[in-house]
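The primary structure of each chain is shown beneath.
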Amino acid sequence: MVEAKPFKLLGILDVQNVPCARDSVLYGSLGSVIAGFGHFLFTSRVRRSCDVAVGVFILGTLGCWFPCRYNYAKQRIQQRIVQEGMKNKILFESTHLDPERKQSGTKTSNS
């Protein structure tokens, strides 16, 4: 079986394996095509339209990249918290350290 080589954008960004990279590049390129073509239709200036397209590509890619990566990192933190809670639940279940058992058990007094 032959493994496919990963597609790297500019030789550094592995688009297939990096989370959010594919969507960010696609949205940035779509926005740049629309903005560059729209600017060309209004002004008929080719060089300026290409400059606008490159600028919109950079802004669109970064504008999509940072919120996506922030949400990804937040989700990973929440997953770690849930996994730790599940591990503790399994570890402390039916022992004297089980918080559910303390709530439902009888209270003892020292008097």
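A quick note: this is a predicted structure, and the numbers were derived from the prediction, not measured.

Draft legend 1. Representation of the pattern of salt bridges within the structure. If you walk through the whole model with that rule in mind, you get 2 salt bridges. Its salt-bridge partner being D23, residue R22 comes within 3.8 Å of it at the nearest N-O pair. Since its relative accessible area comes to 51%, R22 is described here as exposed. The partner of K87 in a salt bridge is E84, with the nearest N and O atoms 3.8 Å apart. Residue K87 and its partner E84 are located together in helix α2 (residues 46–92), separated by 3 residues, close to a single helical turn. For K87, a relative accessible area of 49% corresponds to the partly exposed category.

Draft legend 2. View of the environment of G60. Looking at where G60 falls in the secondary structure, it is placed in helix α2. As a C-alpha pair, G60 and G31 span 29 residues in sequence and 6.7 Å in three-dimensional space.

Draft legend 3. Layout of the side chain of S49. Position of S49 relative to the elements: it lies in helix α2. Within the structure, S49 has its side chain in polar contact with the backbone nitrogen of F40 (distance 3.1 Å). Setting aside its immediate chain neighbours within four residues, S49 contacts G36, H39, F40 and T43.

Draft legend 4. Seen up close, the UniProt feature "transmembrane region" (unreviewed entry) in the chain. Taking the numbering used here, the UniProt-annotated feature "transmembrane region" (unreviewed entry) corresponds to residues 24–42 and 54–72. Counting secondary structure, residues 54–72 comes out at 100% helix and 0% strand; the distance between its end C-alpha atoms is 27 Å.

Draft legend 5. Geometry of the packing of helix α1 (residues 21–43) against α2. Between α1 and α2, the least distance of the axes is 7 Å, while the angle of their chain directions is 150°. As summarised for this structure, α1 and α2 are arranged roughly antiparallel, according to the angle between their axes. The handedness of the crossing between α1 and α2 is right-handed. For the contact of α1 with α2, the residue count by class is 12 nonpolar, 11 polar and 2 charged.

The rules behind these values
- Residues numbered from 1 in each chain as written.
- Predicted model: local features only at pLDDT ≥ 70, side-chain atom pairs only at ≥ 80, totals over all residues.
- Heavy atoms only, no water.
- Salt bridge = Lys/Arg side-chain N within 4 Å of Asp/Glu carboxyl O.
- Buried < 20%, exposed > 50% of the residue type's maximum accessible area, 1.4 Å probe, protein only.
- Helix = DSSP H or I, 4+ residues; strand = E, 2+ residues; numbered from the N terminus.
- Polar contact = N/O pair within 3.5 Å; in protein donor to acceptor, adjacent residues only side chain to side chain.
- Contact = heavy atoms within 4.5 Å.
- UniProt positions renumbered as here; feature names shortened; annotations may be inferred.
- Axes fitted to C-alpha atoms, helices over the stretch in contact; angles between N-to-C directions.
- Parallel < 35°, antiparallel > 145°, perpendicular 65-115°, else oblique.
- Left-handed = near helix turned anticlockwise from the far one by under 90°.
- Nonpolar A, V, L, I, M, F, W, Y, C, P; charged D, E, K, R; others polar.

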